[in-house]
Amino acid sequence: MHAIAAAPMRIADLPGPPGLPVIGSAHRIRLASFHEQLEAWRRDYGDVYRVRLWTRRFVVVADPQVATEALRDRPGTFGRTARVSRAATEMGFGGLFASNGEKWRRQRPMVMAAFDPGHVRRYFPALVQVARRLAARWQRAGDAGIDLQGDLMRYTVDVIAGLAFGTDINTLQGDGDVIQRHMDRILPMLFRRTLAPLPTWRWFRLPADRELDRHLLAFREAVQGFIAAARGRMRAQPALAEAPTNLIEAMIAARDRPGQALSDEDVAANVATMLLAGEDTTANTLAWMLWLLSRHRWALQRAADEVRRALGDDRVPTRFEQLEALEFVDACIHETMRLKPVAPILPQEAARDTTVAGVAIPAGTTCIFLMRAGATDARHVPQPEAFDPDRWLRDDGAQARRVSMPFGAGPRMCPGRYLALLEMKMALATLLGSFDLVSVTAADGGEVAERLAFTMTPTPLVLRLRAR
Ligand code: HEM
């Protein structure tokens, strides 16, 4: 006898929150807590459910195994949604993150090469210099409270600009108009536009759209500045076209080759993408980690002991091996990303008809993968709510590693992950090598909450340190 394969379910047969006419469940959504609402519905409706927001129907998937399989099925079956691609491209970020299909395939190897471990490791001496500037900035702050995310974004932008563009922009020592100020405004607007019921900004400009235009203009000028500086270097040293030393030079060389694989616009879009993708994510993960450590003093003490042992007489790491020795710090980073992944949701659009968890998904449907749900589920990890970095050291963290996917999964997994991990270790080792952490508190004196604005950030935090 042949088994008869069960026919796939239809989206309409899935459970999901009841909706109102026209708007569906949009009245239940606040942008800043969109992910928390989706996670709450998952508790009511299970690992696969449907939800309608205005005219758009979404399938929400929380099962980590199903998510991994779908994310691996890229670029063929799934990709960035048309909404994200279009909104990002309109704003000048149509680079690797926002591309699909052939365009994505052409760009990915170049970006991967720029952030491969060997290349990142060669950048280490410059990373030491940036970390020293961060320590000096915090020394100058004395007992005054430090704008934690603000300073961490100076650190991450300086690192990205140095590594990917070969430019020492040194925002850590500057107090003037830094590009982070513009980036701060751009990401939330991009997020807002990807979920807006109607693309009103294409028909008329509200004050918020005009303000965004001003920030985009200033940001684009900075991007063009990086490109002009790299072109200047390449004119002075033509050998760089054959042996580029960083991402921007590799992209310019590809742009200038006959039968060019990239246009000027692609180069600019990727420079912009790297700044945005590398800044907010890493800085906010670090901010979450410092906040978590401030609430778990035993873990903070163990991390400090480990750092101080590894550094010996140094106050800031000076050798790569010192960071490699930081096993517990590494575990703290992974535990932070399990509990506070800065990308808790990953929307993906089906490029063709497919099946996900036994549900027929027609081409054009957006599936939203809940990236934190599995990693905080007692069916997958014991005591999921506890901040327990040791889980990553026991049994090599196999259990947690299977379900925690802070960098995504499959062929589009974050190309910056190796850099991000190194940068975060460097920042924590610099802090604990030079200071005692006194406190991390909400700037407004209230509770620390999650706020989604493309990435999931904590409410603004104030860091207090005491020099050692
Ligand atoms: C803690 C820090 C970071 C986190 C948590 C993070 C997370 C992510 C996630 C979840 C994705 C989507 C992956 C997917 O679709 O499967 C992604 C993509 C991406 N990330 Fe990161 N990221 C971080 C740092 C960085 C850094 C430092 C860079 C370097 C510039 C970077 C560049 C990118 C790019 C270019 C993509 C798009 C890749 C593609 O679509 O092929 N990220 N990141």
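You'll find the structure just up there.
Residues numbered from 1 in each chain as written. Predicted model: local features only at pLDDT ≥ 70, side-chain atom pairs only at ≥ 80, totals over all residues. Heavy atoms only, no water.

### Topic: the environment of Arg193
- Note on placement: Arg193 falls in helix α8 (residues 180-195).
- Overall, Arg193 belongs to the buried group, its relative accessible area being 6%.
- For the pair Arg193 and Ala87, spaced 106 residues apart in sequence, the C-alpha to C-alpha distance is 6.7 Å.
- If we skip the residues at most four places from it in the chain, Arg193 touches Arg83, Ala87, Glu90, Met91, Trp201, Asp209 and Leu212. (Helix = DSSP H or I, 4+ residues; strand = E, 2+ residues; numbered from the N terminus. Buried < 20%, exposed > 50% of the residue type's maximum accessible area, 1.4 Å probe, protein only. Contact = heavy atoms within 4.5 Å.)

### Side note on the pattern of salt bridges
- One pass over the structure, following the stated rule, counts 28 salt bridges.
- For Glu102, the salt bridge identified is with Arg105, shortest N-O distance 3.5 Å. Of this pair, Glu102 and Arg105 both sit in helix α4 (residues 101-114), 3 residues apart, which is roughly one turn of the helix.
- A residue is classified by how much of its surface remains accessible, and Arg105, at 47% relative accessible area, is partly exposed.
- For Glu321, the salt bridge is made with Arg121, and the minimal N-O distance between the two is 3.4 Å. Remark: Arg121 occurs in helix α5 (residues 117-122) and Glu321 occurs in helix α13 (residues 320-324); sequence separation between them is 200 residues.
- Overall, the relative accessible area of 38% leaves Arg121 in the partly exposed class.
- One salt-bridge network, held together by shared partners, links Glu39, Lys340, Arg372 and Glu450. (Salt bridge = Lys/Arg side-chain N within 4 Å of Asp/Glu carboxyl O.)

### Digging into the pairing of strand β2 (residues 56-61)
- In terms of strand pairing, strand β1 (residues 48-53) meets β2 through 6 bridges, oriented antiparallel. Bridging from a neighbouring strand, Arg52 pairs with Arg57 of β2.
- Between β1 and β2, which pair antiparallel in sequence order, lie 2 residues; one of them, Trp54, sits at a positive phi of approximately 55 degrees.
- Here β2 pairs with strand β8 (residues 366-370) via 4 bridges, running parallel. Paired with Phe58 across the bridge in β8 is Thr366. (Pairing = 2+ DSSP bridges.)

### Section: the sheet that holds strand β3 (residues 78-79)
- Strand order in the open sheet formed by 5 strands is β1-β2-β8-β5-β3, and the pairing between neighbours is mixed. Edge positions in the sheet fall to β1 and β3, since each of these pairs with one other strand and no more.
- Strands in contact with helix α2 (residues 64-72) are β2, β3, β5 (345-350) and β8; relative to β8, the strand with the most contacts, it is inclined by about 130 degrees. (Axes fitted to C-alpha atoms, helices over the stretch in contact; angles between N-to-C directions.)

### Section: the nonpolar core
- Core analysis: the largest hydrophobic core is formed by 129 residues, its most contacted members being Phe115, Tyr155, Phe165 and Leu275.
- Element by element, the count of residues in this core is highest for helix α11 (residues 264-295), at 16 residues.
- With near-sequence residues (within four places) excluded, Tyr155 lies in contact with Leu127, Val130, Ala131, Leu134, Leu172, Leu286, Glu423, Met426 and Ala427.
- Membership of the second largest hydrophobic core comes to 20 residues, among which are Val66, Val359, Ile361 and Ala409. (Core = buried A, V, L, I, M, F, W, Y, C linked by side-chain atoms within 4.5 Å.)

### A look at the site of the ligand
- Among the 27 residues in the neighbourhood of the ligand, the closest are listed as Arg74, Arg80, Trp104, Arg108 and Cys414.
- Arg108 is positioned with one of its side-chain polar atoms (N or O) 2.7 Å from an oxygen atom of the ligand.
- The backbone of Ala409 places a nitrogen or oxygen atom 3.3 Å from an oxygen atom of the ligand.
- Sorting the residues of the shell around the ligand by element identifies α4, α11 and α16 (417-434) as the ones contributing at least two each.
- Per element, the largest residue contribution to the shell around the ligand is 6 residues, and it comes from α11.
- Looking at the shell around the ligand, its residues break down into 17 nonpolar, 6 polar and 4 charged. (Near = heavy atom within 4 Å. Polar contact = N/O pair within 3.5 Å; in protein donor to acceptor, adjacent residues only side chain to side chain. Nonpolar A, V, L, I, M, F, W, Y, C, P; charged D, E, K, R; others polar.)

### Describing unusual backbone geometry
- Put simply, Arg74 and Pro75 share a cis peptide bond, and its omega is 5 degrees.
- The residue Pro75 is located in the loop between α2 and β3 in this model.
- A positive phi angle, near 50 degrees, is found at Asn170, a position not held by glycine.
- Mapped onto the fold, Asn170 is located in the loop between α7 (148-165) and α8.
- Its identity is not glycine, yet Phe454 carries a phi of approximately 80 degrees, on the positive side.
- Assessed through its relative accessible area of 26%, Phe454 is described here as partly exposed.

### Here we look at the environment of Gln149
- Within the element layout of this structure, Gln149 appears in helix α7.
- C-alpha separation for the pair Gln149 and Thr459, spaced 310 residues apart in sequence, amounts to 9.4 Å.
- Engagement of the side chain of Gln149 in a polar contact is seen with the backbone oxygen of Pro458, the distance being 3.1 Å.

### Considering the coordination of the iron atom of the ligand
- If you check the protein contacts of the iron atom of the ligand, you find one donor only, Cys414 (SG), at 2.3 Å.
- Mapped onto the elements, Cys414 comes out in the loop between α15 (398-403) and α16. (Donors = N, O, S within 2.8 Å, 3.2 Å for Na, K, Ca; no water.)

### Looking at helix α10 (residues 247-256)
- Buried residues dominate α10, accounting for 8 of its 10 residues.
- Listing the buried residues of α10 in full gives Leu247, Ile248, Glu249, Ala250, Met251, Ile252, Ala253 and Ala254.
- Close packing links the buried residues of α10 with α4, α7, α9 (207-236) and α11.

### Comments concerning the packing of α11 against helix α12 (residues 297-311)
- Contact geometry for α11 and α12: axes closest at 5 Å, N-to-C directions at 110 degrees. With respect to α12, the element α11 is oriented roughly perpendicular. In contact with Leu293, Ser294 and Arg295 of α11, α12 contributes Arg297, Ala299 and Leu300.
- Of the residues contributing to the contact of α11 with α12, the split by class is 3 nonpolar, 1 polar and 2 charged. (Parallel < 35°, antiparallel > 145°, perpendicular 65-115°, else oblique.)

### Overview of the packing of α10 against α11
- The interhelical angle for the contact between α10 and α11, taken along N-to-C directions, is 165 degrees, at an axis separation of 9 Å. The orientation of α10 relative to α11 falls into the category roughly antiparallel. Our pair here, α10 against α11, has a crossing hand that is right-handed. Within the contact between the two elements, α10 uses Leu247, Ile248, Met251, Ile252 and Arg255 and α11 uses Asp264, Val267, Asn270, Val271 and Met274.
- Residues belonging to the contact of α10 with α11 are distributed by class as follows: 7 nonpolar, 1 polar and 2 charged. (Left-handed = near helix turned anticlockwise from the far one by under 90°.)

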